[in-house]
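Here is how the chains run, residue by residue.
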Amino acid sequence: MPQQQIIRVIDSHTGGEPTRVVVAGVPDLGQGSVAEKAQVFREKYDWFRSSIVNEPRGHDAIVGALLLPPIDPDHLCGVIFFNNDSTLPMCIHGMIGLAETLLHTGAITGGSHKIETPAGLVTFTVNPDQTVSVANVPCYRFRAAVTVDVPDYGPITGDISWGGNWFFLIQDQGPVVKRENIPALLAFTNAVKRALAAQGITGENGIEIDHIESFGPPTDPAEADSKNFVLCPGNAYDRSPCGTGTSAKLACLFADGKIQPGQLWRQAGILDSVFTGAVVPLDDTSVIPTVSGRAWVTGESTYHFAEDDPFRHGIPTSI
C-alpha cells in the first residue's frame, strides 16, 4: 500500500445494519466490469477490505462499499460490497445505505438511478417518504423442500433461492426467531451451513450457499408478515431484515402462489425493523423483486495507516 494512504468513509445504518461507503482512497482496480473489478479486489486488495470492516476500525456486522465510476456513462456508479469474509455479489441494505450516503454528500438529490454491481444492474429510487426502493437483479427459487441432516438438530427442510446471494430458507424450524434467541439462532444456522457444505448441497453450478435464513411469525402481525434471522458469510447475523434474503423469500412465495405480482410483503428482521417488498414476474421461473427500507447517516471518518501499527490492516476475524 502507498505509505501515505488515506481513506475516507461515510457510515450509515439501514434498519440497524451498518454500511460503510468508501468515498476517497479507493484502489485502482483496472478496467473491466464491476464483477471483474471485484475479483481484482479479492485477489490484490484484501488488506483494504480488512482495514475497512475489521477491528480496530470496524466489527463483524459492517458491510463495506467501494464507490466506483460506472462502465456505462448512463449509469450513476458502480459498487462493490464486502464484509468481514470477502466481497458480496449484491447487498440491498447496503444499496439503501449507499443511496442515503449519496444524498448526504449532495451527489444526488433524489430520483431513480442505475447502479452496476457484481450480480448485475440494479436501480434504486428515493421515495418522498425518505425510504429507498431497490429493484434487484432477477431472483428465483433453485430447489424447493431440500432436506439436510443437521447434527444435534435432525432433518431440516428448506428452499434454496437466489436473491443476489445464495440462501437456504428455513420456515418454523429450530429456535424461535426472536431477539432473546440470537445465540441459539447463531448456533443453529451455523450448524445448517456446515451440514449443507458437508453434504454437498449447493446453489446453482455448485456455488456455496453462504446465507442461512430462518423464518417465524412476526412480533406484531399488524407491522409485518414474517420475521427472520439471517446468518451472513463471516458468521455475523444481519441486524436488518436482509434485502437479498427478502428477495429470495419473495421468489419462493411467488413460486408457491402465495403472493401475486405487486402484492406487498412486509419482512421484519431480528430487531423488528421492516423491509417492504413486491415482485414483477420476469419469465416462468424468475422475478424482479423491489425491496424498500430506510437508512440514516451516522458519521464520517478519515483513516490513517501508521507504518508501525501492527493492526493497521485490521484484525482477521479468525483470531
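In case you missed it, the structure is sitting above this.
All of the points below concern the structure found in this document.

Cut-off values and rules
- Starting afresh in each chain, residues are numbered from 1 along the sequence in its written order.
- Two thresholds apply to this predicted model, a pLDDT of at least 70 for residue-level local features and 80 or more for giving and counting side-chain atom pairs, whereas whole-chain, interface and lining totals are computed over all residues.
- Just so you know, side-chain values use all the structure's heavy atoms and leave hydrogens and water out.
- Here the rule is simple: two strands pair whenever DSSP picks up at least two bridges between them.
- Helix numbers and strand numbers start at the N terminus; a helix is a DSSP run of H or I with at least 4 residues, a strand a run of E with at least 2.
- Salt bridge, as used here: a side-chain nitrogen of Lys or Arg that lies within 4 Å of a carboxyl oxygen of Asp or Glu.
- Counted as a polar contact is a pair of N or O atoms within 3.5 Å, where, for protein atoms, one must be capable of donating a hydrogen and the other of accepting one, and residues adjacent in sequence contribute only when both atoms are in side chains.
- By convention a nonpolar core is built from buried Ala, Val, Leu, Ile, Met, Phe, Trp, Tyr and Cys residues, the set being connected through side-chain atoms within 4.5 Å.
- Relative accessibility thresholds used throughout: buried, under 20% of the residue-type maximum; exposed, over 50%; partly exposed, between the two (1.4 Å probe, protein chains only).

Structural notes on the pairing of strand 6 (residues 111-117)
Relative to strand 6, strand 4 (residues 77-82) runs parallel, the two being bridged by two bridges. Bridge pairing links Gly 78 to Glu 116 in strand 6. Bridge analysis of strand 6 against strand 7 (residues 120-126) gives seven bridges, and the strand direction is antiparallel. Directly across from Thr 117, in strand 7, lies its bridge partner Gly 120. Remark: two residues form the turn of the hairpin made by strand 6 and strand 7, two consecutive strands paired antiparallel.

Things to note about the pattern of salt bridges
Applying the stated rule across the entire model yields seven salt bridges. Between Glu 300 and Arg 8 there is a salt bridge, and its shortest N-O distance comes to 3.7 Å. One end of the pair, Glu 300, is in strand 17 (residues 295-303); the other, Arg 8, is in strand 1 (residues 7-14), and 292 residues separate them in sequence. Among the ionic contacts, a cluster of salt bridges with common partners joins Arg 141, Asp 159 and Asp 256.

Structural notes on the side chain of Asn 228
Relative to the helices and strands, Asn 228 is located in strand 13 (residues 226-231). Among the polar contacts listed, one links the side chain of Asn 228 to the side chain of Glu 213, at a separation of 2.8 Å. At a separation of 2.8 Å, a polar atom in the side chain of Asn 228 contacts the main-chain carbonyl oxygen of Pro 241.

Remarks on the nonpolar core
Counting 52 residues, the largest nonpolar core has Met 95, Phe 124 and Phe 168 as its most contacted members. Judged by nonpolar contacts, the second largest core, of 18 residues, contains Ile 7, Val 22, Trp 47 and Ile 52.

Section: the pairing of strand 15 (residues 274-281)
For strand 14 (residues 265-268) and strand 15, the ladder comprises four bridges, and the chain directions are antiparallel. Directly across from Gln 267, in strand 15, lies its bridge partner Phe 275. From the end of strand 14 to the start of strand 15, which pair antiparallel, there are five residues, and Asp 272 there has a positive phi angle of about 70 degrees. Note that strand 15 and strand 16 (residues 286-293) share six bridges and pair antiparallel. By the bridge assignment, Thr 276 is partnered in strand 16 with Ser 292. Counting the residues between successive antiparallel strands, the hairpin from strand 15 to strand 16 contains four residues.

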